[in-house]
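Analysis of the macromolecular model
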Amino acid sequence: MEKEIKMLMVQAKIELARLEAESPAKDVAGKAIGKHGLPYITAIVVIGVIASIFLDESKMAAVMGLLGASLTALISMLNGIAGTAPKQERPEFEVIKTLIDRLDKLADKAEPMAVTVDGERVTVRKGEDVVITGKGK
């Protein structure tokens, strides 16, 4: 009976190895990320915490900036390997297009502004808001 159990365990290990060998690269990478990605990210965060204990405040901004950039790069690489991040051909064009759309909407909604100067008194009107400055308010 014991030999049969050992034989079944060996056959199961062989089958598992065969399945892993036939798995697509994306699946293998996803499993590797699940096993090893979090410890790497945790290590980077721990380095930042330890650095905050020993470094001066003036040096902390640079160290935290580098740690943040490295975390962002690592997470981006892991997402790219796992295929969870959508690939953009030229993201800067999307950003510029979004900004132009927002500016167009703001330009359409902007209420006209009127400025009146009467001696030392300045009145600024924009929509229903009125601000009066100067002497003799």
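Computed from a prediction, not measured in an experiment: that's the story for all the values here.

Across its full length, the protein holds 4 helices and 3 strands. Listing each helix as α and each strand as β along the protein from the N terminus yields α-α-α-α-β-β-β. Split by element, the accessible area of the protein, about 11700 Å² in all, is 64% carbon and sulfur.

The next subject is the sheet that holds strand 1 (residues 113-118). Strand pairing in a sheet relies on backbone hydrogen bonds, with the paired strands running either antiparallel or parallel. Taken together, the 3 strands give an open sheet; going across it, the order is 1-2-3, and neighbouring strands pair in antiparallel fashion. Of all strands in the sheet, those with a lone pairing partner are strand 1 and strand 3 (129-134), marking the two edges. Neighbour-to-neighbour, the strand axes of the sheet open up by a mean angle of 15 degrees, direction not taken into account. Alignment of strand 2 (residues 121-126) against strand 3, held across 6 bridges, turns out to be antiparallel. Its bridge partner lying in strand 3, V124 is registered against V131.

What follows deals with the nonpolar core. Counting residues in hydrophobic clusters, the biggest one holds 5 residues: I44, L67, L71, L74 and L78. Ranked by residue count, the leading element in this core is helix 3 (residues 57-82), at 4 residues. Those residues within four positions of L67 in sequence are excluded, and the remaining contacts are I44, I47 and G48.

On the surface, a nonpolar cluster with roughly 590 Å² of combined accessible area is contributed by V45, V46, V49, I50, I53 and F54. Checked against the element boundaries, V49 lands in helix 2 (residues 25-54). Owing to a relative accessible area of 47%, V49 belongs among the partly exposed residues under this scheme.

Cut-offs applied
- Residues numbered from 1 in each chain as written.
- Predicted model: local features only at pLDDT ≥ 70, side-chain atom pairs only at ≥ 80, totals over all residues.
- Heavy atoms only, no water.
- Helix = DSSP H or I, 4+ residues; strand = E, 2+ residues; numbered from the N terminus.
- Areas by Shrake-Rupley, 256 points an atom, 1.4 Å probe, with all protein chains shown as cover.
- Pairing = 2+ DSSP bridges.
- Axes fitted to C-alpha atoms, helices over the stretch in contact; angles between N-to-C directions.
- Core = buried A, V, L, I, M, F, W, Y, C linked by side-chain atoms within 4.5 Å.
- Buried < 20%, exposed > 50% of the residue type's maximum accessible area, 1.4 Å probe, protein only.
- Contact = heavy atoms within 4.5 Å.
- Patch = residues over 30% accessible without salt bridge, like charges linked within 9 Å, V, L, I, M, F, W, Y side chains within 5 Å.
- Salt bridge = Lys/Arg side-chain N within 4 Å of Asp/Glu carboxyl O.

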